[in-house]
Amino acid sequence: MLTSKRIMTMAVAFLSLSIGAQAGIKPGAVWPDNRGVHINAHGGGVLKSGDTYYWFGEHKADTTSSAMVGVTCYSSKDLENWTYRGVALSVSDQKGSDIERGCILERPKVIYNKKTGKYVMWFHLELKGQGYAAARYGVAVADKAEGPYTFLRSGRVNPKIWPENTPKPDAEVLTSALNGNPKLDWWTPEWMEYVKKGMYTWRDYDGGQMARDQTVYVDDDGKAYHIYSSEENLTLQIAELTDDYTAHTGRYVRVAEGGQNEAPAIMKRNGVYWMITSGCTGWAPNKARMFTATSIWGPWKQLPNPCVGPNADLTFGGQSTYILKIADRPDTYIFMADIWRPEHPSDARYIWLPIEFKADGTPVVEWKDEWSMDDLK
Ligand code: GAL
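These figures come from a predicted structure and were not determined experimentally. (Residues numbered from 1 in each chain as written. Predicted model: local features only at pLDDT ≥ 70, side-chain atom pairs only at ≥ 80, totals over all residues. Heavy atoms only, no water.)

## Notes on the overall build of the chain
In terms of helices and strands, the chain carries four helices and 21 strands. Against the 2.2 N^0.38 benchmark of 21 Å for 377 residues, the chain shows a C-alpha radius of gyration of 21 Å, consistent with a compact globule. Residue burial in the chain is summarised as follows: out of 377 residues, 55% are buried. Considering only intrachain contacts with a sequence separation of at least 6, the fraction spanning at least 24 residues in the chain is 51%. In the structure as shown, the chain presents an accessible area of about 16400 Å², 54% of it carried by carbon and sulfur atoms. The centroid of the 42 positive side-chain charges in the chain is displaced by 3 Å from the centroid of its 45 negative side-chain charges. (Helix = DSSP H or I, 4+ residues; strand = E, 2+ residues; numbered from the N terminus. Rg over C-alpha atoms; globule rule 2.2 N^0.38 Å. Buried < 20%, exposed > 50% of the residue type's maximum accessible area, 1.4 Å probe, protein only. Contact = heavy atoms within 4.5 Å. Areas by Shrake-Rupley, 256 points an atom, 1.4 Å probe, with all protein chains shown as cover. Lys, Arg positive; Asp, Glu negative; His and termini not counted. Charge placed at Lys NZ, Arg CZ, Asp CG, Glu CD.)

Spelled out as structure tokens, the structure:
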């Protein structure tokens, strides 16, 4: 016989099941976690460990885009239903800490290092109270995917090292230009020439290169790379990481000098690298860009926007953050982007869309109101 207590228990179980069960993926919609709460992991990325996917991202507060909590972690077996796993990297309450509560901590990505058995998290860090001036990378490590992560260090990239794909700087000429001789107005062809020559790379030579929007990528041979917007967001840089993935080796190149690319997301398919980026319009969406190369070191060739369908010219209202390769499904890649809500940051939404490929291999991202991982089987 069903007692009223049992009926209650069954009702609660049913309710939590129906809250937890997400039918498919609905780009742009509220995406409830196992508790029925909209997933709070923005500017994020996904890592697979064993048979579990871990989604890391920025925790966003309701009224500020500053980091009040840190980096959150969610886990899933099917990429559709996500369980909240807590705060993977917590901001600090220690005054003056690089990651003090109220700093800006964006676009965290985690990679796993087979040699050390550690999970390594890289992110964009801005020191508290300094707006976006610090332009640093941050790095943290953990023994378990979900953390807790221990903050190691933040800084600028590769001080006193010149990028290997730019001719040696004429120090006198660049220093003089930085001091206003000749006087260069932004966006004039002459200024752009100096940007391409590495005027800002040179300006930051001693202290290290700026690092803002970023991702990290592990190649098939186990080598990892940090890809970040540098030089006042004018130029992307790709820097090799050490064998333990926690530092830069000193080897780096500049990509699309003066092209103003942000939000880099990268994948490799049949030996060819593809990188999707955005332009620089802050939280407002713009038209995605795409680049391709057969070596991570370039040369990188720019291609048109890979997005098609309604609102494709504004990346469907979003900004790229990551490309997830599904290891156990042939040829399956998912484009991940954020629809920012600067007035209500925690309500920012996610765009996840499967990437399709033209006959010549060019990726295409087509809008879908709703789709399921089962569609990709
Ligand atoms: C975007 C960037 C975001 C965030 C924002 C701040 O362009 O991609 O990660 O930094 O600017 O305005």
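## Section: the site of the ligand
Every residue lining the ligand is accounted for by Glu106, Arg107, Tyr132, Asp213, Glu262, Gly282, Trp283 and Gln319. Residue Glu262 places a side-chain N or O atom 2.4 Å away from an oxygen atom belonging to the ligand. Within the contact set of the ligand, an oxygen atom lies 3.2 Å away from a backbone nitrogen or oxygen of Gly282. Here the ligand, which alone exposes 310 Å², has 89% of that area covered by the protein. Residues that form the shell around the ligand fall into these classes: two nonpolar, two polar and four charged. (Near = heavy atom within 4 Å. Polar contact = N/O pair within 3.5 Å; in protein donor to acceptor, adjacent residues only side chain to side chain. Nonpolar A, V, L, I, M, F, W, Y, C, P; charged D, E, K, R; others polar.)

## Notes on the side chain of Thr277
Of note, Thr277 is situated in strand S14 (residues 272-278). Polar side-chain contacts of Thr277 include one of 2.7 Å to the side chain of Asn261. The residues touching Thr277, leaving out its near neighbours within four places in the chain, are Leu236, Asn261, Glu262, Ala263, Pro264, Ala288, Arg289, Phe291 and Ser320.

## A short note on unusual backbone geometry
Here the bond from Asn181 into Pro182 is cis, since omega is 5°, no more than 30 degrees from zero. Between Gly298 and Pro299 the backbone carries a cis peptide bond, its omega angle lying at 5°. One non-glycine residue, Glu231, lies in the positive phi region at around 50°. Relative to the helices and strands, Glu231 is located in the loop between strand S10 (224-230) and strand S11 (235-241).

## Examining helix H3 (residues 189-197)
Of all the residues in H3, the buried ones are Trp191, Met192, Tyr194 and Val195. Projected onto a plane normal to the axis of H3, the buried residues spread over an arc of 160° and lie on a single side. Just downstream of H3, Gly198 is the residue with a positive phi angle, here 105°. (Arc of directions from axis to C-beta.)

## Some thoughts on the sheet that holds strand S16 (residues 301-303)
Ordered by their spatial adjacency, four strands build an open sheet running S13-S14-S15-S16, and the pairing between neighbours is antiparallel. Edge positions in the open sheet fall to strand S13 (262-269) and S16, since each of these has one partner strand only. Taken over all neighbouring pairs, the strand axes of this sheet differ in orientation by 25° on average, direction set aside. (Pairing = 2+ DSSP bridges. Axes fitted to C-alpha atoms, helices over the stretch in contact; angles between N-to-C directions.)

## Here we look at the nonpolar core
Core analysis: the largest hydrophobic core is formed by 38 residues, its most contacted members being Val46, Trp55, Leu79, Trp82, Ile334 and Trp352. Not counting residues up to four positions away in its chain, the partners in contact with Val46 are Tyr53, Tyr54, Trp55, Leu79, Trp82, Tyr322, Leu324, Met336 and Trp352. Tyr54, Leu89, Val91 and Ile99 belong to the second-largest nonpolar core, a separate cluster that totals 23 residues. (Core = buried A, V, L, I, M, F, W, Y, C linked by side-chain atoms within 4.5 Å.)

## A closer look at the pairing of strand S19 (residues 333-339)
Burial analysis of S19 places seven of its seven residues in the buried class, the great majority of the element. On S19, burial covers both faces: Tyr333, Phe335, Ala337 and Ile339 on one face and Ile334, Met336 and Asp338 on the other are all buried. Bridge count between strand S18 (residues 319-325) and S19: six bridges; the pairing is antiparallel. Following the sheet pairing, Lys325 is matched in S19 by Tyr333.

## Concerning the pattern of salt bridges
A full pass over the atoms with the stated rule returns 25 salt bridges. One salt bridge in this structure joins Glu100 and Lys128, with 3.5 Å as the shortest N-O distance. Here Glu100, found in the loop between strand S4 (83-90) and strand S5 (104-113), pairs with Lys128, found in the loop between strand S6 (118-126) and strand S7 (136-142); they are 28 residues apart in sequence, far enough to count as distant. Overall, the relative accessible area of 11% leaves Glu100 in the buried class. Accessibility expressed as a relative area gives 42% for Lys128, which makes it partly exposed. Here the residues in one salt-bridge network are Arg203, Asp204 and Glu232, joined through shared partners. (Salt bridge = Lys/Arg side-chain N within 4 Å of Asp/Glu carboxyl O.)

## Examining the environment of Ala247
Along the polypeptide, Ala247 turns up in the loop between S11 and strand S12 (248-255). In sequence terms Ala247 and Trp122 are 125 residues apart; their C-alpha atoms lie 10.0 Å from each other. Non-local contacts of Ala247, meaning those with residues more than four positions away in its chain, are made with Trp122, Arg153, Glu240, Leu241 and Thr242.

## Some thoughts on the environment of Phe357
Structurally, Phe357 can be placed in strand S20 (residues 349-357). Along the backbone, Phe357 and Asp331 are 26 residues apart, and their C-alpha atoms lie at a distance of 9.4 Å. Apart from residues no more than four positions distant in its own chain, Phe357 is found in contact with Met267, Arg269, Asp331, Tyr333, Thr362 and Pro363.

## A word on the packing of aromatic side chains
Counted according to the given criterion, the structure contains 26 aromatic pairs. The interplanar angle of 80° and the centroid separation of 5.2 Å between the aromatic rings of Trp55 and Trp82 together place this pair among those described as edge-to-face. Taken together, the residues Trp55 in strand S2 (residues 52-58) and Trp82 in the loop between strand S3 (70-76) and S4 connect sequence positions 27 residues apart. When sorted by exposure, Trp55 lands in the same class as Trp82, which is buried. Between Trp122 and Tyr137, the ring centres sit 5.2 Å apart and the planes meet at 40°, which makes this aromatic pair tilted. Taken as a pair, Trp122 in strand S6 and Tyr137 in strand S7 lie far apart in primary sequence, 15 residues in all. Grouping residues by exposure puts Trp122 and Tyr137 together as buried. Each member of the aromatic cluster is reached from another via a ring pair, and the members are Trp31, Trp55, Tyr74, Trp82, Tyr84, Tyr350 and Trp352. Sitting above the plane of the Tyr84 ring, Arg35 keeps its charged end 4.0 Å from the centroid. The ring centre of Phe357 lies 3.7 Å from the NZ or CZ of Arg269, which sits over that ring. (Phe/Tyr/Trp six-rings, centres within 6.5 Å; stacked < 30°, edge-to-face > 60°. Lys NZ or Arg CZ within 6 Å of the ring centre and 35° of its normal.)

The values reported here are purely geometric and, on their own, carry no functional implication.
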